[in-house]
Amino acid sequence: MTTPQLFDNTKVAFSLKSDSELERAYFLFKMISHQPLVKIGTAATNFALKAHLPVEGLIRSTVFDHFCGGVNEEDCLPVIDKMFDKGVCAVLDFSVEGKENETHFDAAMEKTLKIIKFADEKDAMPIAVFKPTGFGRFHLYQKKGEGLEFTPEERQEWDRVVERFDKVCKYAKEKDVEVLIDGEESWMQDAADDLCEAMMAKYNTEKPIVYNTLQTYRWDRLDYLKQLHDRAKKNGFKIGVKIVRGAYMEKERDRAEDKGYTSPICVSKQATDDNFNQTLEYILNHLSDISLFIGTHNEESCYIAMRLMNKLGIKKDDNSVWFGQLYGMSDHISFNLAEQGYNVAKYVPFGPVKDVMPYLIRRAEENTSVAGQTSRELNLLKQEKARRRL
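Below: a short report on this structure.

**Concerning the pattern of salt bridges**
Logical step 1: Under the defined criterion, the tally for this structure stands at 35 salt bridges.
Logical step 2: Arg388 is paired through a salt bridge with Asp19; the nearest N and O atoms lie 2.8 Å apart. Taken as a pair, Arg388 in helix 16 (residues 371-389) and Asp19 in helix 2 (residues 19-32) lie far apart in primary sequence, 369 residues in all.
Logical step 3: For Arg388, a relative accessible area of 27% corresponds to the partly exposed category.
Logical step 4: A salt bridge links Lys202 to Asp166; its shortest N-O distance comes to 3.0 Å. Taken as a pair, Lys202 in helix 9 (residues 186-203) and Asp166 in helix 8 (residues 152-175) lie far apart in primary sequence, 36 residues in all.
Logical step 5: Take Lys202: its relative accessible area is 48%, and that puts it in the partly exposed class.
Logical step 6: For Asp166, a relative accessible area of 18% translates into the label buried.
Logical step 7: What you see here is one network of salt bridges that share partners, running through Asp19, Glu384, Arg387 and Arg388.

**Some details on helix 6 (residues 102-121)**
For the α-helix, the turn length of 3.6 residues means that residues three or four positions removed from each other point alike.
Logical step 1: With 20 residues, helix 6 should reach 28 Å at 1.5 Å per residue; the first-to-last C-alpha distance of 29 Å fits that figure.
Logical step 2: Looking at helix 6, one finds that the buried residues are Phe105, Ala108, Met109, Thr112, Leu113, Ile115, Ile116, Phe118 and Ala119.
Logical step 3: Where helix 6 is buried, its residues contact helix 5 (73-85), strand 1 (88-94), strand 2 (127-130), helix 8 and strand 8 (344-350).
Logical step 4: For helix 6, the capping residue at the N-terminal end is Asn101, with a side-chain oxygen 3.2 Å from the backbone nitrogen of Thr103.

Criteria and cut-off values
- Residues numbered from 1 in each chain as written.
- Predicted model: local features only at pLDDT ≥ 70, side-chain atom pairs only at ≥ 80, totals over all residues.
- Heavy atoms only, no water.
- Salt bridge = Lys/Arg side-chain N within 4 Å of Asp/Glu carboxyl O.
- Helix = DSSP H or I, 4+ residues; strand = E, 2+ residues; numbered from the N terminus.
- Buried < 20%, exposed > 50% of the residue type's maximum accessible area, 1.4 Å probe, protein only.
- Expected span 1.5 Å × (residues − 1).
- Contact = heavy atoms within 4.5 Å.
- Polar contact = N/O pair within 3.5 Å; in protein donor to acceptor, adjacent residues only side chain to side chain.

Right, here's the structure in full:
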């Protein structure tokens, strides 16, 4: 079985990075490791973009090119092809956030359909992805989830959201491309969960095509999965699940405190880790019913998954199990897993520089809150720089 030194192989991890790209990565993670710098940098970037200062070139050549594949699908092709040469697939993620009108929702749907078509033609892209709020207003999901009455206009609007989901999932099934639906804030997630389940019941009859996301920093997610599993067996459909730790922790805790309800977030980092790993174990033990995309930058969780797969006799390249990390992060996990023969995919964000900035800022802020991860990245980059000098 693989030794716990697997992820220390920096030669494999950074094989795609030129010396200058290695230096850039080191510089960026050094910056990200200082929380005050991230705050200042974020504010300055936002100001510069709003004031239409000519900073796009600078952003593009630093943070954007490190964490994003390009400004459009074609722009991402060199990145996709280079990674695939090393056995790592790409999940193109149109990362434009915060748009809230029907034109943008239709455009996001068309973009997702285009990515599915793109994925159908390229072995390097077996999976597509979209965000529920890319297809409809946040407030609508919230109202639906809370069981509140829609106005006639909202009812029509919601029908269009359902239509967008259905169009994308139907096309994904036709093209045999798996589609991941991202998880978002808990107070809109109930409606998104119901919609994902409806799509699974419709399109996951032979095998999982539609995947919902479980954010396991929420203590209720494993129970939710077990109930979903019961319904799936009863109604004859397969489940697709992406598991992640989660992306909205501060927001979740603040709102719970503000509104006086019990926080949906696990009480500690350890409780979150345990929840993630127990959910992982539950799914691997029920792989005939549930397919799994393991979205994690946590080395220990990857080792647990590998050990369980070995113990349960699950082949490394079984299409029911994928490992996933974000582009520009945790290359030591992605490329070393791929070299061992596991299914690995990188989420590759793309979109116009200005529109992708909210996503990039969120990533930078998340990274500063996971201190151990940033220092791990820095240490590995430092090791690789030293190895190349020798």
